[in-house]
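# An overview of the molecular structure
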Amino acid sequence: MSPAGVRSFFAELSRRKVLKASTVYLVAAFAVMEVTSNFFPALHLAEADQTLVAALLILGFPVAVALAWALEITPSGIRWQTRAGPAPTSAAEAGAGQATTPRAPVALLAPHPDRIWSIAVLPFADLSPAKDQGFFVEGVTEEIRHALTRIEGLSVVARSSSLAFRDTALDVRQIGGQLGVSAVLEGSLRKWKDRMVVTTQLVSVVDGFELWSQTYDTNSDDVLIVQGQIADALVQALGPRMLPAGPIIRGHTADPAAHQAFLKGRHLYEQPSRADLERAIDFFRQATELDSGYAGAHVGAADAYINLARFGFAPAAVAMPEARAAALRALSIDPELAAAHKSLGVVLHRFDWNSGGAEAAFRNAVALNSGYAGARYALGEFLLVAGRFEEAAEVLVLAQDLDPVSTVGSSSLVSAYSLLGQYDRAIRQAEDALSLNPRSAVAHKAMGQLRHRLGHYDHALEMLQQAKLLDPADPEILAALAVTHAARGAPAEGARLRQELRRLADREWAVPYFEAAMAAANGETGSAYAALEKCCAARVFNLVRITTDASFDSVRGDARFQSILARFGSGGRPTPVAAAEDQRGEGELH
């Protein structure tokens, strides 16, 4: 047997706990012999009886070894072992000639892969000596997760829900229970000088047993290869699945420097500040300059430009055309890149006011990658604005299945139930969001706006004030507080908040929309329409939300308001104000 074969054999003995079982058996046999040698003479038993016991113990040893090899004891009972596949012993075996060397333990086949129908990819740990590879580790984790979303029949929890368990003390069974998955993928990355070690393991949520593991020791520049290998190996370990046409990882690059720039850009994109978004765009631009065919980097730039407009950091007339150009460039490179369709849909919906094109783009994104929660959220938000509340709720429920602890997604579902007049469900949903993340400004805001719609102004004020403490610079929270104070008959406090809103210089392009909402709630219709006209001229990102925003309920029937709705093709379906009126004052409603 070759040295590699010997290593593989002993690794299999260790995995099946044969060596441990043998040791335990021998210790127990020695104890039995000690007992018989001391007590058999005292009991006047024949010497032949002691010999018989020794013979039985000797004959039982191979039986015990065979049983240890063939069976395993789990919390759910005794079951047959499944033999592990041969361990890759060379770069050729590990990656078809790529410069990657797997190290033991490797390729432990899942004892029940047919039960793995859903999976969560937890944030990998950064074990680098300087702990300075956070952006790099995040990128590797996300790209493996995104690759798995393209596998038919496998449900993959979205990034935001997985990130909620970063640095948690919970074990995988507890995490899996909260996320509603059957298996969890976890791992670590250690990078120093020109070397990198990536370790991954797939763990069953049912019993906490390791189903599959792999360790890669490679040159740092080979991370692009490793990501693909991990995804491919997982597909094999998980059993037969319907694989997508083409590469499992799409929109990628073969240039390590371009990839590094992309990872830095995506890390900054997640930070909610103007400076970070602008720096993210610079990194995405670097990536596309190094590789003009890097579709994923073009999508990254599109999304960063969209967020500049979304948060009011830049005028939509400047940011959204840049976003459109980047999304179209990505689609020209890879027409089947779901993320690019989603980004284009946002531009078509929020800036071009092209409802038909936007819906087609969002549905293309979902069709191309049914596990992409972001595409489902975007489609759900579009349907809410379009007044198709039942469809929106159905889509958002599916999105939440993929992203169960997302407070943003949960808040969208609160809006859907509220607009349907299903207030009990809306309140339960809002309470769930708060219980999942008591420090979420978004969850407090959603509950506050719901309570306002129901006329529970004191409770609404309590929730919105907590939201403001958690996120003092969110203009929507300031506006919601002002509207609630106006409803409670405290116009002076509302006026103070309006002044506070106007001082948000870094979000100046978001201010006109919320100025209009405050004015409408205060009965200042002239000021409200003047602000809405500014929004129309600038194509403010949030403007399409007036179809469902309760702040505009008092002017919803006005001809001027309907003419504004007609400009971006909305039917202007009103919110169910009458249903809300029926619930007002019912403080016992939860």
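The paragraphs below set out a description of the structure included in this document. Here the structure is a predicted model, which is why all the values come from computation and not from measurement.

Scanning the protein from N- to C-terminus turns up 26 helices and nine strands. Looking at the 590 residues of the protein, the share that counts as buried comes to 51%. Counting only contacts in the protein whose residues sit at least 6 apart along the sequence, the fraction spanning at least 24 positions is 63%. Of the roughly 25900 Å² that the protein leaves accessible, carbon and sulfur atoms contribute 57%.

Using the criterion set out here, one finds two cavities of 30 Å³ or more in the structure. Volume-wise, the largest cavity comes out at about 70 Å³. Around the largest cavity, the lining residues are Phe-135, Glu-138, Gly-139, Glu-142, Arg-159, Leu-263, Arg-266, His-267 and Glu-270. Residue contributions to the lining of the largest cavity peak at four residues, all from helix H5 (residues 134-148). For the lining of the largest cavity, the residue count by class is two nonpolar, two polar and five charged. Of the voids in this model, the second largest cavity is the one considered here, and its volume is about 50 Å³. Residue lining of the second largest cavity: Ala-309, Ala-314, Pro-315, Ala-316, Trp-509, Ala-538, Val-540 and Phe-541, and that is the complete set.

Let us look at the pattern of salt bridges. Scanning all chains against the criterion turns up 21 salt bridges. One salt-bridge network, held together by shared partners, links Glu-359, Arg-363, Arg-388 and Glu-391.

Turning our attention to helix H21 (residues 475-487). Here H21 spans 18 Å end to end across 13 residues, near enough to the 18 Å set by a 1.5 Å rise per residue. Burial within H21 is extensive, with 11 of its 13 residues counted as buried. Turning to H21, its buried residues are Pro-475, Glu-476, Ile-477, Leu-478, Ala-479, Ala-480, Leu-481, Ala-482, Val-483, Thr-484 and His-485. Buried residues belonging to H21 abut helix H19 (441-453), helix H20 (457-470), helix H22 (491-502) and helix H23 (511-521). Sitting at the amino-terminal end of H21 is Asp-474, which places a side-chain oxygen 2.9 Å from the backbone nitrogen of Glu-476. One or two residues past the end of H21 sits Gly-489, with phi positive at roughly 80°.

This paragraph deals with helix H18 (residues 423-436). Between the first and last C-alpha of H18 there are 20 Å, a value that for 14 residues agrees with the 20 Å anticipated at 1.5 Å per step. Within H18, burial applies to Tyr-423, Ala-426, Ile-427, Gln-429, Ala-430, Ala-433 and Leu-434. One side of H18 holds all its buried residues, which, seen down the axis, span an arc of 160°.

Once that is clear, we can look at the state of the cysteines. In the structure shown here, the tally under the stated rule is zero disulfides. Its sulfur unpaired, Cys-535 is 6.9 Å from the next cysteine sulfur, which belongs to Cys-536. Relative accessible area serves as the criterion here: at 9%, Cys-536 is assigned to the buried category.

Criteria and thresholds
Residues numbered from 1 in each chain as written. Predicted model: local features only at pLDDT ≥ 70, side-chain atom pairs only at ≥ 80, totals over all residues. Heavy atoms only, no water. Helix = DSSP H or I, 4+ residues; strand = E, 2+ residues; numbered from the N terminus. Buried < 20%, exposed > 50% of the residue type's maximum accessible area, 1.4 Å probe, protein only. Contact = heavy atoms within 4.5 Å. Areas by Shrake-Rupley, 256 points an atom, 1.4 Å probe, with all protein chains shown as cover. 1 Å grid on protein atoms, 1.4 Å probe; cavity = no way out; pocket = protein on both sides within 12 Å on 5 of 7 lines; lining within 4 Å. Points joined across faces, edges and corners; volume = space filled by probe spheres on them. Nonpolar A, V, L, I, M, F, W, Y, C, P; charged D, E, K, R; others polar. Salt bridge = Lys/Arg side-chain N within 4 Å of Asp/Glu carboxyl O. Expected span 1.5 Å × (residues − 1). Polar contact = N/O pair within 3.5 Å; in protein donor to acceptor, adjacent residues only side chain to side chain. Arc of directions from axis to C-beta. Disulfide = S-S within 2.5 Å.

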